[in-house]
Amino acid sequence: MISQTTLSSGASAALFLMAALTAGTAPAQPSGDRAIIVFDGSGSMWGQIDGLSKIEIARDTLDRVLGRLPSNLQLGMIAYGHTRKGDCGDIETLVDIGPAAATGRQIAQSVRRINPKGKTPLSDAVRRAAETLRYTEDKATVILVTDGIETCNADPCALASELERSGIDFTTHVVGFGLSDDEGRQVACLADNTGGLYLQADNADELADALGKTVAAAPPPAAEPEPKDRPRHNFIGRIALADGGAAIPEEAANGVAWYASPLDAADRAGARKLIGRGYRALWSAPSGRYLITIEYRLGGSVTHVVELDDYAVSEPILPLDAARLTAHAVFMNDAFNIDWVKVAWRIQMVGTEKKRKENGYSLDIVLPAGAYRIGFGMSGEELDATEPQTLTLAVGATVPVDVIAPHSRVVLKAIEGDGTRNQKIRQWFTPTGSDGTTGRKTVYNASPNPVHLRPGDYVGRVEFWDGSRRDPVDVPLVVGMGQDQVIDVTAP
């Protein structure tokens, strides 16, 4: 698999150099750019691709390519992880920047002498290359060639953003050797955040083929002057439940996440990036085609392809093929203190193991169409306050439902012999059948707070504890519908 992010307008012939580093093809056109190659000399370069170590592939390719670079390209090289094990400061300038006709052969010879052995301080190495190029004063390009992720407690994404803000025209291109998708995402931000290119391949043949096509392609057109009214966000996405429907309001998008992946000419998706959460996504991206993935509750998701322009705002309303559920907890006792209630909703798609737990007196979420069982309990207690009910959600529908809890609030007040109240108690409520046997699970509460129970017969047990152990006191209870009880329990 080969993934590729979009190259910004005005990207230089350093891109063609980077492609040549592994494809074995000379750059198509000369360039007056100044660039530094940051080369990975860490121990993992002994790993193999198609039976050859990565360091051998790099040595052979550099030897063929670097002797044929245009003389007006200024080029140097920095390596890391090549002299000492376990040292995050193992970064060295092997070839000072100079005309590529002279430095190209020196770089190839230097790589021949590298014996991979150390760590991967790629962020500090890229920073040193940028500073060597005087990136705050002149246009500068860094070409990072790595087979691993940062291993020295640095954040390459934050570094890239910093260099982009501070630089005159700073770009980092990244070549990934045999990286997994997750590893690729961790280093691709160096390119994404500076307007560069990230290339990833799973084997040497795919890498050579992809970079060969890149080298053969015509160079991108020169950048046009940036207009003053360039939008801050060129993608403002919103969602609808169904195709042609109205955009859903902000409060209805609980749990929605937006992701974007660049698409290449063959419709292959690059690294995925989180671009928003909730009812809309605000995002800025270079011109190009992108795959937008929207994920919502219980594993539902949809994908859409959008085309973005640097200077135009795209405001699509993307259908989810989903439904909206609005549920409210209704209590029988009008005097109940709703502010104290901690409602825990339980939602399960019928016929599957897909479950969700949501907290809050009211519920407003987006779900895949289908049949569901829904009910709620009191947060922190084991017994449901309601019998779950089944309902069906159709695509595009908004389904309101009131879930009634015919429960009562019970408080056991622990009273000492002198009439004072003991706040240090543990209490249990065990439902019993008509024959005295245990019915459902026991509710346990380690404080004298109220406990919420459905109608039925129970045994309440209070254990007094204040540093000494005392026998518990059992109290039989009959809980009615919507009837609160406060019961004094005298200590033994």
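Quick notes on the rules
- Residues numbered from 1 in each chain as written.
- Predicted model: local features only at pLDDT ≥ 70, side-chain atom pairs only at ≥ 80, totals over all residues.
- Heavy atoms only, no water.
- Helix = DSSP H or I, 4+ residues; strand = E, 2+ residues; numbered from the N terminus.
- Buried < 20%, exposed > 50% of the residue type's maximum accessible area, 1.4 Å probe, protein only.
- Areas by Shrake-Rupley, 256 points an atom, 1.4 Å probe, with all protein chains shown as cover.
- pLDDT = per-residue confidence, 0-100.
- Contact = heavy atoms within 4.5 Å.
- Polar contact = N/O pair within 3.5 Å; in protein donor to acceptor, adjacent residues only side chain to side chain.
- Arc of directions from axis to C-beta.
- Core = buried A, V, L, I, M, F, W, Y, C linked by side-chain atoms within 4.5 Å.
- Pairing = 2+ DSSP bridges.
- Axes fitted to C-alpha atoms, helices over the stretch in contact; angles between N-to-C directions.
- Phe/Tyr/Trp six-rings, centres within 6.5 Å; stacked < 30°, edge-to-face > 60°.
- Lys NZ or Arg CZ within 6 Å of the ring centre and 35° of its normal.

Undergrad: Could you clarify how one ought to interpret the overall build of the chain in this entry?
TA: Secondary structure assignment for the chain yields seven helices and 30 strands. Taking all 492 residues of the chain together, the buried fraction comes to 48%. For the chain, the exposed area adds up to about 22,300 Å²; of that, 47% sits on carbon and sulfur atoms.

Undergrad: Would you take a moment to explain the confidence of the model for the chain for this structure?
TA: It should be kept in mind that the predicted coordinates are not to be read in detail where pLDDT is low. For the chain, the mean per-residue pLDDT works out to 78, and 77% of the residues sit at or above 70. Segment residues 210-221: pLDDT under 50, and 24 contacts once partners within four positions in sequence are set aside and those in other chains are kept. In this model residues 334-340 is a low-confidence stretch, pLDDT under 50, and it forms 10 contacts with partners more than four residues away in sequence or in other chains.

Undergrad: Looking at this model, I keep getting lost on the environment of Q485. Mind explaining?
TA: By the element assignment, Q485 lies in strand β30 (residues 485-490). Note: C-alpha distance between Q485 and V410 (75 residues apart in sequence) is 4.9 Å. If we skip the residues at most four places from it in the chain, Q485 touches R409, V410, V411, V478 and V479. Here the side chain of Q485 touches V478 through a polar contact of 3.1 Å, landing on its backbone oxygen.

Undergrad: Which parts of the structure should I look at to understand helix α5 (residues 156-166)?
TA: Of all the residues in α5, the buried ones are P156, L159, A160 and L163. Taken down its axis, α5 places every buried residue within 100 degrees of arc, on the same side. The backbone nitrogen of C157 lies 3.0 Å from a side-chain oxygen of the residue at the head of α5, namely D155.

Undergrad: Explain unusual backbone geometry here, please?
TA: Phi is positive for N153, which is not a glycine, with a value near 55 degrees. Within the fold, N153 resides in the loop between β7 (139-146) and α5. By relative accessible area, N153 is classed as exposed at 84%. Its identity as a non-glycine residue notwithstanding, D267 has a phi of 65 degrees, on the positive side. Checked against the element boundaries, D267 lands in the loop between β11 (257-262) and β12 (273-277). Taking relative accessible area as the criterion, D267 reaches 47% and is therefore assigned partly exposed.

Undergrad: How do you make sense of the nonpolar core when you look at a structure like this?
TA: Generally speaking, a soluble globular protein has its nonpolar side chains buried in company with each other. By size, the foremost hydrophobic cluster in this structure holds 26 residues, and its most contacted members are V38 and L144. Only β2 (34-40), β5 (74-80), α4 (122-132), β7, α5, β8 (169-177) and α6 (181-192) provide two or more residues apiece to this core. Counting residues in hydrophobic clusters, the runner-up holds 24 residues, among them F235, A252, A253 and V306.

Undergrad: So what exactly am I meant to see when it comes to the sheet that holds β12 here?
TA: Hydrogen bonding along the main chain pairs the strands of a sheet, whether they run parallel or antiparallel. The four strands are arranged β12-β11-β14-β15 in an open sheet whose pairing can be described as antiparallel. If you trace the sheet from one side to the other, it starts and ends with β12 and β15 (301-308), each paired once. Across this sheet, the average inter-strand angle for adjacent strands is 30 degrees, counted without regard to direction. Of the pairings in the sheet, the one linking strand β14 (residues 288-295) to β15 comprises eight bridges and is antiparallel in character.

Undergrad: Would you take a moment to explain the side chain of S261 for this structure?
TA: With respect to the helices and strands, the residue S261 is situated in strand β11. With residues near it in sequence (within four places) discarded, S261 still touches A269, G270, A271, R272, R289, Y290 and L291.

Undergrad: What am I meant to see in the sheet that holds strand β10 (residues 235-240) here?
TA: If you walk across this open sheet you meet the three strands as β13-β10-β16, and the pairing is mixed. Strands with a single pairing partner mark the edges of an open sheet, and in this sheet they are β13 (280-283) and β16 (317-319). Direction aside, neighbouring strands of the sheet carry axes that sit 25 degrees apart on average. Across three bridges, β10 lies against β16 in parallel orientation. Opposite A240, over in β16, you have P319 as the bridge partner.

Undergrad: Looking at this structure, how should I read the packing of aromatic side chains?
TA: Two aromatic rings, taken as a pair, are described by how far apart their centres are and by the angle between their planes. Following the criterion strictly, the structure yields four aromatic pairs and no others. An angle of 80 degrees between the planes, with centres 6.3 Å apart, marks the rings of F235 and W283 as edge-to-face. Here the residue F235 occupies a position in strand β10, and W283 occupies one in strand β13, the gap between them amounting to 48 residues. One exposure class covers both F235 and W283, and it is buried. Note on W283 and Y290: the rings are 5.1 Å apart at their centroids and 85 degrees apart in plane angle, and the pair reads as edge-to-face. There is no split in this pair, since W283 and Y290 are both buried. Ring pairs connect the aromatic residues F235, W258, W283 and Y290, which therefore count as one cluster. Here the guanidinium or amino end of R272 rests over the ring plane of Y259, the centre of that ring lying 3.7 Å away.

Undergrad: Help me out: how do you make sense of the pairing of β10 in this one?
TA: Consecutive side chains of a regular strand alternate in pointing toward one face of the sheet and then the other. With four bridges connecting them, β10 and β13 associate as antiparallel partners. Residue pairing for β13: I236 is matched across the bridge by L282.

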